[in-house]
Amino acid sequence: ERLELESGLRNALESGELRLLYQPILHLETGEIIGGEALIRWQHPTLGLVSPAKFIPLAEETGLIVPIGAWVLREACIQAKSWQDEFGESRNFVMSVNLSGRQFQSQNLLGLVRDTLQETGLKPSGLKLEITESAMIDDVEAAIDKMNALKDLGVLLAVDDFGTGYSSLAYLRRLPVNTVKIDQSFINIMGCEPQPAAIVQTIIMLCRALNLDVTGEGIENKDQLLQLQGMGCDLGQGYFFSKPVDSSTFNKLLKTRYIKKEYDVETKLELKELLRAA
C-alpha cells in the first residue's frame with residue numbers, strides 16, 4: 001500500500017488528483033466569516049479519497065511535500081484573490097495555508113512566497129501562513145529569523161496546534177506571529193474535564209498579554225462555542241459552523257457573510273440547508 005501511495009502521489013499533481021477544500025474561520029463575537037483555511041485532499045483513481053493523515057507524512061518523508069506545498073500555496077492565493085475581488089477589500093478576507101516542517105525549513109521558502117504573491121496579485125495581508133511548534137523548535141533562532149523575513153513581506157503568521165508541542169512561553173513571546181491556534185484536542189474535551197478548560201483559558205490570557213489573536217480549532221457544539229466566547233477567544237473554526245467545503249460552496253457561505261451571533265438552532269439549520277443545496 002505504501003509503494004502504491006508513493007507511486008500515485010508522484011503523479012497526483014500532474015494528473016489533477018489533488019484538490020483544495022476550505023473551512024470557514026469566524027469572528028466568534030460577531031459571527032462574521034473573516035477567512036478560511038485551505039485543506040488538501042487527494043482523490044486517488046483506484047483507492048478513492050485518501051486521508052491526509054496517510055499521504056501527508058509520506059509526502060514529508062519523500063520530499064514530495066515541497067512541490068505539493070507550492071501548488072497548495074499558489075491555488076489558495078489564486079482563490080483568495082478571486083474572493084477579494086468579488087467581495088471587496090472591506091471584507092478583509094484572509095486565507096490560511098499550512099506550512100509543513102520540511103517546507104518551512106527549505107531554503108527557497110521566502111522566494112516562493114514572494115513570487116506566488118506577485119504572480120497571483122494577492123496582497124500579503126490576505127495570506128496567513130500556519131506553522132506548527134514542532135517545525136520551529138529544532139532551531140528556534142533560525143526559525144525566528146525566517147519568520148521575521150516572512151513578516152517583512154507583509155504576510156500574517158500563526159502558530160498552529162498550540163498546546164500539543166513544546167508550548168514554551170520563553171520562545172512564544174519572541175516569535176513574530178499574529179495568531180495562536182489552540183489545538184482541537186483541548187477544545188474537544190473542554191466540557192468533560194476541568195484541566196483542558198483551564199489550559200485554554202490560560203493560553204487565551206497569555207495571548208491577550210502578548211497582543212496575539214487566538215483561534216479555537218475543532219469547535220463541534222454550542223457549549224464549546226459559549227465557553228470560548230466567555231473566555232474571550234477571538235476566532236474559531238470547526239464542524240459546528242461548517243465542514244471543509246469546495247470553493248463553490250464556500251463562495252455561497254461568503255455571500256451570507258454572517259452567522260448569527262446567537263448561533264441558534266435556526267441558524268444552524270439554515271447553514272446545513274445551504275450546504276445541502278450546494
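Here the structure is a predicted model, which is why all the values come from computation and not from measurement. (Residues numbered from 1 in each chain as written. Predicted model: local features only at pLDDT ≥ 70, side-chain atom pairs only at ≥ 80, totals over all residues. Heavy atoms only, no water.)

Undergrad: Help me understand the nonpolar core in this model?
TA: Where a protein is soluble and globular, its nonpolar side chains tend to be buried together. Core analysis: the largest hydrophobic core is formed by 76 residues, its most contacted members being Met95, Phe104, Val113, Leu127, Leu129, Leu175 and Val200. Looking at this core element by element, the count peaks at nine residues for helix α3 (residues 65–87). (Core = buried A, V, L, I, M, F, W, Y, C linked by side-chain atoms within 4.5 Å. Buried < 20%, exposed > 50% of the residue type's maximum accessible area, 1.4 Å probe, protein only. Helix = DSSP H or I, 4+ residues; strand = E, 2+ residues; numbered from the N terminus.)

Undergrad: Just checking my understanding: could you explain the environment of Gln105 for this structure?
TA: Considering the arrangement of structural elements, one finds Gln105 in helix α4 (residues 101–105). Gln105 sits 38 residues away from Ala143 along the chain, and the two C-alpha atoms are 8.1 Å apart. Sequence-distant contacts of Gln105, defined by excluding residues within four places in its chain, comprise Ala135, Asp138 and Lys146. (Contact = heavy atoms within 4.5 Å.)

Undergrad: I would appreciate a short explanation of the packing of aromatic side chains in the present structure.
TA: Two measures describe an aromatic ring pair: the distance that separates the ring centres and the angle between the ring planes. Within this structure, the stated rule accounts for seven aromatic pairs. Between the aromatic rings of Trp83 and Phe93, the centroid separation amounts to 5.5 Å while the plane-to-plane angle is 70°, which identifies the pairing as edge-to-face. Of this pair, Trp83 sits in helix α3 while Phe93 sits in the loop between α3 and β4 (94–99), and the two are ten residues apart along the sequence. The exposure class of Trp83 is buried, given its relative accessible area of 2%. An aromatic cluster is built from Tyr22, Trp83, Phe93 and Phe250, whose rings are joined through pairwise contacts. The lysine or arginine in question, Lys146, covers the ring of Phe104, its NZ or CZ lying 5.7 Å from the ring centre. (Phe/Tyr/Trp six-rings, centres within 6.5 Å; stacked < 30°, edge-to-face > 60°. Lys NZ or Arg CZ within 6 Å of the ring centre and 35° of its normal.)

Undergrad: Explain the packing of helix α1 (residues 2–15) against helix α2 (residues 52–62) to me, please; I cannot follow it from the model alone.
TA: When two helices pack together, their arrangement is given by the angle between the helix axes and the distance between those axes. Interhelical geometry of α1 versus α2 gives an angle of 75° and a closest axis separation of 10 Å. The orientation of α1 relative to α2 falls into the category roughly perpendicular. Residue-level contacts link Arg2, Leu5, Glu6, Leu9 and Arg10 of α1 to Phe55, Leu58, Ala59, Glu61 and Thr62 of α2. For the contact of α1 with α2, the residue count by class is five nonpolar, one polar and four charged. (Axes fitted to C-alpha atoms, helices over the stretch in contact; angles between N-to-C directions. Parallel < 35°, antiparallel > 145°, perpendicular 65-115°, else oblique. Nonpolar A, V, L, I, M, F, W, Y, C, P; charged D, E, K, R; others polar.)

Undergrad: Would you mind showing me how to read the pattern of salt bridges here?
TA: Opposite charge on two side chains allows them to pair when their charged atoms are near. Inspection of the entire model under this criterion finds ten salt bridges. Two residues, Arg74 and Glu75, come together in a salt bridge whose shortest N-O distance is 3.5 Å. Note on Glu75: relative accessible area 27%, which makes it partly exposed. Between Glu217 and Lys181 there is a salt bridge, with its nearest N and O atoms 3.5 Å apart. One end of the pair, Glu217, is in the loop between β8 (213–216) and α11 (222–231); the other, Lys181, is in strand β7 (residues 179–182), and 36 residues separate them in sequence. Assessed through its relative accessible area of 9%, Glu217 is described here as buried. Overlapping salt bridges, with partners in common, bring together Glu37, Glu130, Lys181 and Glu217 in one network. (Salt bridge = Lys/Arg side-chain N within 4 Å of Asp/Glu carboxyl O.)

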